[in-house]
Amino acid sequence: MKIVLTVGRYFKQRFGQKVRKIPISLSGFTCPNIDGTVAKGGCIYCKNESFSPSLSMKKKNGQTGSSLESHKTIFAAKETESSSQHSMQWHTSKITMNPTLSYNPLLSHQLKELESQFNYHSQFHKNKFGISKYLVYFQSFTNTYAPFDTLKALYTKALNFPDVVGMSIGTRVDCVDSQLLDFLGEFVKQGKEIWLEYGIQSIYEDTLALTNRGHTMQGVKELFAETRARGIKVCAHLIYGLPNETLDMMLHSLQTILQYGVDSLKIHPLYVVEGTALARMYKKGQYTPISLEDYGEAIIRSLKIIPPNIIMQRVSAGAHDESLLAPKWCFDKNIQMRYLREQLKREGIEY
């Protein structure tokens, strides 16, 4: 029986106990393929609330957050100088994070959000499951797409929370540079577990263009090597069931990423939620979602070729509300995992 190195098993080996990832979604963060830097509108399938607990919680509570709607009313600061003092005049603006921003008026608010979300989620998991070690997970949008000083402040605060063993940062391959890698590498030297989660999704340029990723695969292999050279772990995200992709194409994306060198993988099915460009394609009959059976076959074949030392962080995903259009089997992750585990067990694989 081949036992898959899940992230839970890895953390148990590494720290001798369970470690829970704490999801963080901060106001002002966006992506370069949303703000017009490389594209507009975001990925055709993207609706961050469908996979971010913290973002969903903020939206339900009516708080300004990192959703597209909230960006319309984010406060920005206009600096004015006087001979005696430095004052701030606040006004409504569409200011969002990007690396060229000379001043971040949201930083104080973001730091408070970070602390509030960490305290809420960590206390929940401590009270309900007895978990006492945490990995802060900057989840929604591109969490390295901000001024460097902002990133330093947020990451440093996150790693100084009690019982935090490390940090995982969701990002894109076109939003990480050597300065950031050097900074994160210093935390590794201090014994912290640092991950960069790169959204790859597919290695096919036609697919990346169709899904409006706004980047290519050029330089990705080198970036992975630079990241790992500093002791930072690389987690690559892949999506199965993207438009026009066959099973062989999905497996080729996986094999290519493995050749590049990664420490961990997240694989999940593409699902269609309301309010996305993919939803419009689906309603027009231009996209057919992957079936549970085909997805199961893809996962079986994937896990057969993934080396045993690669950490599997995810093989399922879904949306658990009325926004999900298709496939309906993505409504319940328990259904997915029950089916996948049964199929994998028949192939001599324990997930």
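Residues numbered from 1 in each chain as written. Predicted model: local features only at pLDDT ≥ 70, side-chain atom pairs only at ≥ 80, totals over all residues. Heavy atoms only, no water.

### A few points about the environment of Glu205
Rules: Helix numbers and strand numbers start at the N terminus; a helix is a DSSP run of H or I with at least 4 residues, a strand a run of E with at least 2. For each residue, the accessible area found with a 1.4 Å probe, counting protein chains only, is set against the maximum for its type, and the residue is called buried under 20%, exposed over 50%, and partly exposed in between. Residues count as neighbours in contact if any of their non-hydrogen atoms are within 4.5 Å of one another. Think of a polar contact as two N or O atoms within 3.5 Å of one another; within protein, one of them needs to be a possible hydrogen donor and the other a possible acceptor, and neighboring residues in sequence only count if both atoms come from side chains.
With respect to the helices and strands, the residue Glu205 is situated in helix H6 (residues 205-210). For Glu205, a relative accessible area of 38% puts it in the partly exposed group. Those residues in contact with Glu205 that sit more than four places away from it in its chain are His215, Thr216 and Met217. A distance of 3.1 Å separates the side chain of Glu205 from the backbone nitrogen of Met217, its partner in a polar contact.

### Remarks on the sheet that holds strand S5 (residues 134-138)
Defined as follows: Strands are labelled as partners when DSSP assigns at least two bridges between them. Lines fitted to C-alpha atoms define the axes here, with helix axes fitted over just the stretch in contact, and angles between the N-to-C directions of these axes take values from 0 to 180 degrees.
Ordered in space as S2-S5-S6-S7-S8-S9-S11, the 7 strands form an open sheet in which the pairing is parallel. Lying at the two open borders of the sheet, with one neighbouring strand each, are strand S2 (20-24) and strand S11 (311-314). Sheet twist, expressed as the mean angle between neighbouring strand axes with direction ignored, is 25°. Two strands pair when backbone bridges link them, and strand S7 (residues 193-201) and strand S8 (residues 233-240) are joined in this way by 6 bridges, in the parallel orientation. Each residue of the ladder has a partner; that of Trp195, found in S8, is Lys233. The sheet contacts of helix H8 (residues 247-260) involve S7, S8 and strand S9 (264-269), and relative to S8 the element is tilted by about 170°.

### Structural notes on helix H1 (residues 7-15)
One turn of the α-helix equals 3.6 residues, which is why residues spaced by three or four share an orientation. Using the following cut-off: Relevant arc is that of directions from the helix axis to the C-beta atoms, nothing else.
Residues of H1 that are buried include every one of Val7, Tyr10 and Phe11, and no others. Seen end-on, H1 carries its buried residues on one side only, within an arc spanning 95°. Lining the buried residues of H1 we find S5, S7, S8 and S11. Remark: Gly16 follows H1 within two positions and exhibits a positive phi of approximately 75°.

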